[in-house]
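Results of the structural survey
Here's the letter readout for the chains.
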Amino acid sequence: MSTADDRSTARRALIVIGLVLGTALGLTLVWATRRVLIWILVAAFLAVALNPLVDHLQRRLVRHRALATLLVFLAAFVLLGGLGALIVVPLLDELGRFVDRAPELLDETRDGRGPLGELLARSGLLDYARRHSEQVQRYGGELREPAVGLVRSVLETVAGLVTVIVLAYLMVLEAPRIVRAVLRLAGDGPAERLHRIGREISRTITGYLSGNLLISVICGGLTYLVLALAGVPFAAVIALVVAVTDLIPLVGATLGALVAAGAAFLHSPTAGIVVLVFFVVYQQVENHLLQPVIMARAVRLNPLTVLVSVLLAAELAGLVGALLAIPAAGIGQLLLREFAPAPGARTLPAPTDPDAGPAGG
C-alpha cells in the first residue's frame, strides 16, 4: 500500500509540475509575441466592425465577396483620408506661416513682447532662461538625441498599422468560410447557439463604435463653440483634431485639451484660461457621465462596469487596452450570460396548458 501511495503521490506531483511549467511557458510565449497578438486583436476588432457592411453590400449590390470587401475598405480609406486632409492641410499652411514669422516671434519672446513673451515674463521663466542660457542650450541639444528612437517608433507604428489593415482585410474576406468551418465543427445543435452569439458580439462592437462616435461629435461640437467664442483662429480644425483624439477613452479628451489649450494660449492668455477651464469641466462630465451612460446604452453595460473596465484595461494594456476595454467587457458579459446563466433560470417550471386536466386524471 505504501508503494502504491508513493507512486500516486509522485504522479500527482509530476502532473502539477507539468501544469505549472506549461502555464509558465504559455505566459512567456504570450509575452514574447504580445505585439503580434495585439495586432491580431485590433485587426479582429476592425474585421467584426466592418463585416456587416461587407455582408450588406454583397447582398444588395455586389455578389463577389472580394469586390465588396475591397469597396468597403476603399470607402473607409477615403473617409479617413478626407478627415486627415481637413486636419493636415490647414495645419501645414499655418506651420508655413509660423516658420516665416519664427525669427520675429523669437525676437519678441526674448524681449518679453507678444503673447508668449508676456506669459514667460509674468511667470519668471524668461528671466530664468536669461540667467541659465548655457544650461537651456545644453538641454536643447540633448533633445535631439532621442530623434533616432522617435523615427524608429514612427516606422514601427506605420508597419503595425499596415499589418493590422492587411489582417483585417483578410479576416473580412475569409469570414464566411471561417464561420462555416466553425459551425460545421460544432455540429447542428451548438451551431445555432454559436451563430446567435456571433450576432450579439457583432452588435456589441457596432454599438461601441456608434457610442464612441457620438461622444466624439459632442466633444468636437462643444470645443468648436468655445474656441469660436474665444476668438481662437482655426477653431474648426482644432475642434476636428479634438474630436478625433476623443475617440480614445478616458485620455482622449486630455490629449485634445493639450492641443486646444496650447492654441488658445498662443492667441491670448485669457482665451487659454477659458479653454483650459472648459476642458477640465468637460473631461469630468465625459468620463463620469457621458461615457458611462452612452456606452451603457450602446453596449448594454452597467455604467460602473464601463468605468471600471476602462480603468483596469488602461492600467494593464495601455492605450490598446483602453480602446478595447468596453467591447471586451460587453462580450464577456454576453458569454457569461450565455454559458453561465443564473441558477434560478434553470429551476423555472415548464409552462403548462391551462385547459388540460390534472395529470393522470
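Residues numbered from 1 in each chain as written. Predicted model: local features only at pLDDT ≥ 70, side-chain atom pairs only at ≥ 80, totals over all residues. Heavy atoms only, no water.

UniProt lists a comment for the chain under the heading Subcellular location (unreviewed entry), and it reads "Cell membrane". Looking at the Sequence similarities (unreviewed entry) heading of the UniProt record, one finds this comment for the chain: "Belongs to the autoinducer-2 exporter (AI-2E) (TC 2.A.86) family." (UniProt positions renumbered as here; feature names shortened; annotations may be inferred.)

When you go through the chain residue by residue, the secondary structure sums to 14 helices and zero strands. Secondary structure elements of the chain occur, N-terminal to C-terminal, as α-α-α-α-α-α-α-α-α-α-α-α-α-α. Counting over 361 residues, the chain shows a buried share of 26%. Surface exposure of the chain reaches about 23,800 Å², of which carbon and sulfur atoms provide 70%. (Helix = DSSP H or I, 4+ residues; strand = E, 2+ residues; numbered from the N terminus. Buried < 20%, exposed > 50% of the residue type's maximum accessible area, 1.4 Å probe, protein only. Areas by Shrake-Rupley, 256 points an atom, 1.4 Å probe, with all protein chains shown as cover.)

Further remarks concern the UniProt feature "transmembrane region" (unreviewed entry) in the chain. Summarizing the sequence annotation, UniProt attributes the feature "transmembrane region" (unreviewed entry) to residues 12-30, 36-54, 66-92, 153-173, 213-243, 255-282 and 303-326 in the numbering used throughout. What you have in residues 153-173 is 100% helix and 0% strand, and the ends, taken at the C-alpha atoms, are 30 Å apart. Structurally, residues 213-243 is divided into 87% helix and 0% strand, and its ends, taken at the C-alpha atoms, are 9 Å apart.

For any two aromatic rings, the description comes down to two numbers: the centre-to-centre distance and the angle of the planes. Enumeration according to the criterion identifies four aromatic pairs in this entry. Ring centres of F73 and F77 lie 6.4 Å apart, and the angle between their planes is 70°; this geometry places the pair in the edge-to-face category. Of the two residues, F73 and F77 are both situated in helix α3 (residues 65-110); the distance of four residues between them amounts to about one turn of the helix. Judged by centre distance (5.3 Å) and plane angle (75°), the rings of F73 and Y169 are edge-to-face. Taken together, the residues span a long stretch of sequence, with F73 in helix α3 and Y169 in helix α7 (residues 147-173) at a distance of 96 residues. An aromatic cluster is defined as three or more aromatic residues linked by ring pairs; in this entry it consists of F73, F77 and Y169. (Phe/Tyr/Trp six-rings, centres within 6.5 Å; stacked < 30°, edge-to-face > 60°.)

The next thing to look at is the pattern of salt bridges. Tallied over the entire structure, the rule returns two salt bridges. Between R65 and D55 there is a salt bridge, and its shortest N-O distance comes to 2.4 Å. Residue R65 is found in helix α3, and its partner D55 is found in helix α2 (residues 34-60); the two are separated by 10 residues along the sequence. A relative accessible area of 11% means that R65 is categorised as buried. Ionic pairing is found between R177 and E174, a salt bridge with its closest N-O pair at 3.4 Å. (Salt bridge = Lys/Arg side-chain N within 4 Å of Asp/Glu carboxyl O.)

Before going further, it helps to examine the nonpolar core. Formed by 19 residues in total, the largest nonpolar core has its most connected members in V275 and F279. Secondary structure elements with two or more residues in this core: α9 (188-230), α10 (235-245), α11 (252-267) and α12 (269-299). In terms of residues, this core owes the most to one element, α12, which gives seven residues. Not counting the four nearest positions on each side in its chain, F279 is found in contact with T223, V242, A253, G256, A257 and A260. (Core = buried A, V, L, I, M, F, W, Y, C linked by side-chain atoms within 4.5 Å. Contact = heavy atoms within 4.5 Å.)

Time to look at α2. Its 27 residues place the ends of α2 39 Å apart at the C-alpha level, agreeing with the 39 Å of an ideal helix rising 1.5 Å per residue. Taken as a whole, α2 carries its principal kink of about 35° at L50; the proline P52 stands between one and four residues after it. Where α2 is concerned, the buried positions are A43, F45, A47, A49, L50, N51, V54 and L57. (Expected span 1.5 Å × (residues − 1). Bend = angle between axes of the 7 residues up to and from the residue.)

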